[in-house]
Amino acid sequence: MILLLVLQLLVSCLRVSEGQPPVPGVIIFGDSTVDVGNNNNLLTLVKANFPPYGRDFLDHSPTGRFSNGKLAIDLTSAKNRCVYAIYHYKNLPLLFVHGSAVDYLGFTSYPPAYLDKEASGDDLLNGANFASASSGFLDSTATLYRAVSLTQQLRYYKEYQAKVERIAGKAKAAELFAGSIYVLSTGSSDFLQNYYINPLLRLVYSTDQFSDLLLLQSFTKFVQNLYSLGARRIGVTSLPPVGCLPASITLFGGLGRGCVGRLNDDAVAFNRKLNAAAEALKRSHQGLKLVVLDIYNPFLNIVHNPEDNGFVQVRKACCGTGTLETSLLCNAASLGTCSNATEYMFWDSFHLTEAANVILADALLLQGIELIS
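Here is what the cut-offs are and how they apply
Residues numbered from 1 in each chain as written. Predicted model: local features only at pLDDT ≥ 70, side-chain atom pairs only at ≥ 80, totals over all residues. Heavy atoms only, no water. Buried < 20%, exposed > 50% of the residue type's maximum accessible area, 1.4 Å probe, protein only. Helix = DSSP H or I, 4+ residues; strand = E, 2+ residues; numbered from the N terminus. Pairing = 2+ DSSP bridges. Axes fitted to C-alpha atoms, helices over the stretch in contact; angles between N-to-C directions. Contact = heavy atoms within 4.5 Å. Phe/Tyr/Trp six-rings, centres within 6.5 Å; stacked < 30°, edge-to-face > 60°. Lys NZ or Arg CZ within 6 Å of the ring centre and 35° of its normal. Core = buried A, V, L, I, M, F, W, Y, C linked by side-chain atoms within 4.5 Å. Patch = residues over 30% accessible without salt bridge, like charges linked within 9 Å, V, L, I, M, F, W, Y side chains within 5 Å. Areas by Shrake-Rupley, 256 points an atom, 1.4 Å probe, with all protein chains shown as cover. Salt bridge = Lys/Arg side-chain N within 4 Å of Asp/Glu carboxyl O. Disulfide = S-S within 2.5 Å. Expected span 1.5 Å × (residues − 1). Bend = angle between axes of the 7 residues up to and from the residue.

(A) Fine view of the pairing of strand S1 (residues 26-30). Within S1, five of the five residues are buried, which leaves the element mostly enclosed by the surrounding structure. Here S1 shows a buried face lined by Val-26, Ile-28 and Gly-30 and a second buried face lined by Ile-27 and Phe-29. One ladder, built from three bridges, connects S1 with strand S4 (residues 127-129); its direction is parallel. Directly across from Ile-28, in S4, lies its bridge partner Asn-129.

Shown next as structure tokens:
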């Protein structure tokens with residue numbers, strides 16, 4: 001099995017070096033962890049299209065990404081380099097590709113934000129990004145923040161399919177839809193921006209019941225609909241240890257600024273259910289490659305071992321006081337914003353720095369190898 005993984009990675013890397021992406025495109029759904037600018041075009045307060053967001057991005061300008069630079073999805077979909085490094089996987093030396101999705105998958109540009117006015121023509125032929133900050137598995141979560149719900153993201157995807165068919169023809173479009181990797185990254189907003197702050201929800205649903213609501217209704221239905229539209233390679237991220245986000249520590253934690261254990265326990269329980277739901281979907285849908293991408297453990301490893309990962313601060317964010325600022329509260333006038341974000345795990349109180357996203361992207365590489373094999 002280890003040898004097979006090595007060979008698959010080598011073949012993929014060779015394809016990238018020859019300008020041949022191993023998949024025809026990347027299609028992205030979800031929330032602020034993967035939103036590359038869709039919310040810029042919405043009447044919502046949840047935006048990141050102003051400084052200091054984007055200060056370390058390619059042209060040092062804000063794009064709508066909730067980070068100082070690239071997101072993990074950027075670091076796992078375009079073409080820069082193919083560097084080999086020895087990584088110890090289960091105590092065995094394993095050759096793996098270190099780099100970004102642009103770096104790894106070999107595309108020359110990032111999948112564009114679908115709502116961007118410039119997302120048209122040939123720019124759509126390598127995929128598109130439908131994610132919207134503050135969206136969740138539940139449509140009601142998106143409604144609270146005037147974000148694009150997962151249901152609406154899927155409608156936009158259908159619209160996108162029609163556009164691609166007109167541009168490239170039905171045969172080539174069908175190849176793109178069937179061969180692309182589909183990424184879904186959401187769920188944190190359902191808990192942190194909805195369930196935990198909504199006493200009515202907590203009165204109606206226990207945490208366990210709320211997780212079932214997200215997975216058995218929204219997640220399962222979403223994957224089934226995506227499958228019916230031709231998707232066969234789907235990666236869905238787990239919840240991170242939400243109790244370790246600076247905002248969670250500020251709102252739900254104690255004076256010691258340690259991770260909030262009960263929130264992390266909820267995330268672990270949710271992730272267990274997510275894996276079970278994914279297995280059930282694979283059994284009932286022929287040819288479906290559905291991989292749950294674990295971000296909980298790589299994320300927690302950075303929190304527990306900051307020095308080993310090159311960080312000085314993992315409890316507070318770079319922007320402002322680092323305790324609560326995000327979106328509009330993280331702005332050019334925020335006092336205390338750090339000068340060197342590479343020392344920080346978090347850029348704002350909810351989102352990672354580019355430095356942390358690089359580590360997260362590398363950690364997810366092997367987990368997603370099934371999607372490109």
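From this point, the narrative continues.
(B) Region of interest: the sheet that holds strand S7 (residues 289-293). Ordered by their spatial adjacency, five strands build an open sheet running S4-S1-S5-S6-S7, and the pairing between neighbours is parallel. The strands lining the two open edges of the sheet, one partner per strand, are S4 and S7. Adjacent strand axes in the sheet meet at a mean angle of 20 degrees when their direction is disregarded. Note that S1 and strand S5 (residues 181-185) share five bridges and pair parallel. From the neighbouring strand, Ile-27 faces S5, where its bridge partner is Tyr-182. Packing against the sheet, helix H4 (residues 150-168) makes contact with S1, S4 and S5, and its axis sits at approximately 155 degrees to S1.

(C) Inspection of the packing of aromatic side chains at higher detail. Throughout the structure, instances matching the rule amount to 27 aromatic pairs. Note on Phe-57 and Tyr-110: the rings are 6.4 Å apart at their centroids and 40 degrees apart in plane angle, and the pair reads as tilted. Taken together, the positions of Phe-57 in the loop between S1 and strand S2 (83-89) and Tyr-110 in the loop between helix H2 (101-105) and S4 put the pair 53 residues apart, joining distant regions of the chain. Just as Phe-57 is buried, Tyr-110 falls in that class too. Here the aromatic residues Phe-29, Tyr-114, Phe-130, Tyr-156, Tyr-157, Tyr-160, Phe-177, Tyr-182 and Phe-222 are joined through ring pairs into a cluster of three or more. When the ring centre of Tyr-110 is taken as reference, the NZ or CZ atom of Arg-65 above it lies at 5.4 Å. One Lys or Arg, Arg-232, reaches over the ring of Tyr-227 and ends 3.7 Å from the middle of that ring.

(D) Fine view of the nonpolar core. Of all hydrophobic cores here, the largest spans 87 residues; its most connected members are Phe-29, Tyr-157, Tyr-160 and Phe-219. The element contributing the most residues to this core is helix H8 (residues 207-228), with nine residues. Residues contacting Tyr-160, with those up to four places away along its chain left out, are Ile-27, Tyr-114, Leu-124, Gly-127, Ala-128, Phe-130, Leu-176 and Phe-177. One finds Tyr-53, Cys-319, Cys-330 and Ala-341 within the second-largest nonpolar core, a separate group that totals 13 residues.

(E) Quick peek at a nonpolar patch on the surface. A cluster of nonpolar side chains, contributed by Leu-200, Leu-203 and Val-204, occupies part of the molecular surface with about 360 Å² of accessible area. Look at Leu-200 and you get exposed, because its relative accessible area is 63%.

(F) Looking closely at the state of the cysteines. According to the stated counting rule, one finds three disulfides in the structure shown. A disulfide bridge connects Cys-244 with Cys-259, and the sulfur atoms are separated by 2.1 Å. On the S-S bond that ties Cys-244 to Cys-259, the torsion sits near 115 degrees, and the link is right-handed. Pair noted here: Cys-244 is in the loop between strand S6 (233-237) and helix H9 (246-252) and Cys-259 is in the loop between H9 and helix H10 (261-284), with a separation of 15 residues, a long-range link. With relative accessibility at 1%, the residue Cys-244 sits in the buried group. Cys-259 sits in the partly exposed class, given a relative accessible area of 26%.

(G) Quick peek at H8. Taking 1.5 Å as the rise per residue, H8 with 22 residues should run 32 Å; its terminal C-alpha atoms sit 30 Å apart, in good agreement. The largest bend in H8 comes to about 25 degrees, at Leu-215. Those residues of H8 that fall on the buried side of the exposure criterion are Phe-210, Ser-211, Leu-213, Leu-214, Leu-215, Ser-218, Phe-219, Thr-220, Phe-222, Val-223, Leu-226 and Tyr-227.

(H) Broad picture of the pattern of salt bridges. In this structure the tally under the stated criterion is five salt bridges. Arg-65 is the partner of Asp-74 in a salt bridge, and the nearest nitrogen-oxygen pair spans 2.8 Å. We note that Asp-74, like Arg-65, is buried. In this structure, Lys-273 and Asp-212 form a salt bridge, with 2.9 Å as the shortest nitrogen-oxygen distance. Here Lys-273, found in helix H10, pairs with Asp-212, found in helix H8; they are 61 residues apart in sequence, far enough to count as distant. Of the residues examined, Lys-273 reaches a relative accessible area of 23% and is grouped as partly exposed. Its relative accessible area of 26% is what places Asp-212 among the partly exposed residues. Because the salt bridges share partners, they merge into one network encompassing Asp-208, Asp-212 and Lys-273.

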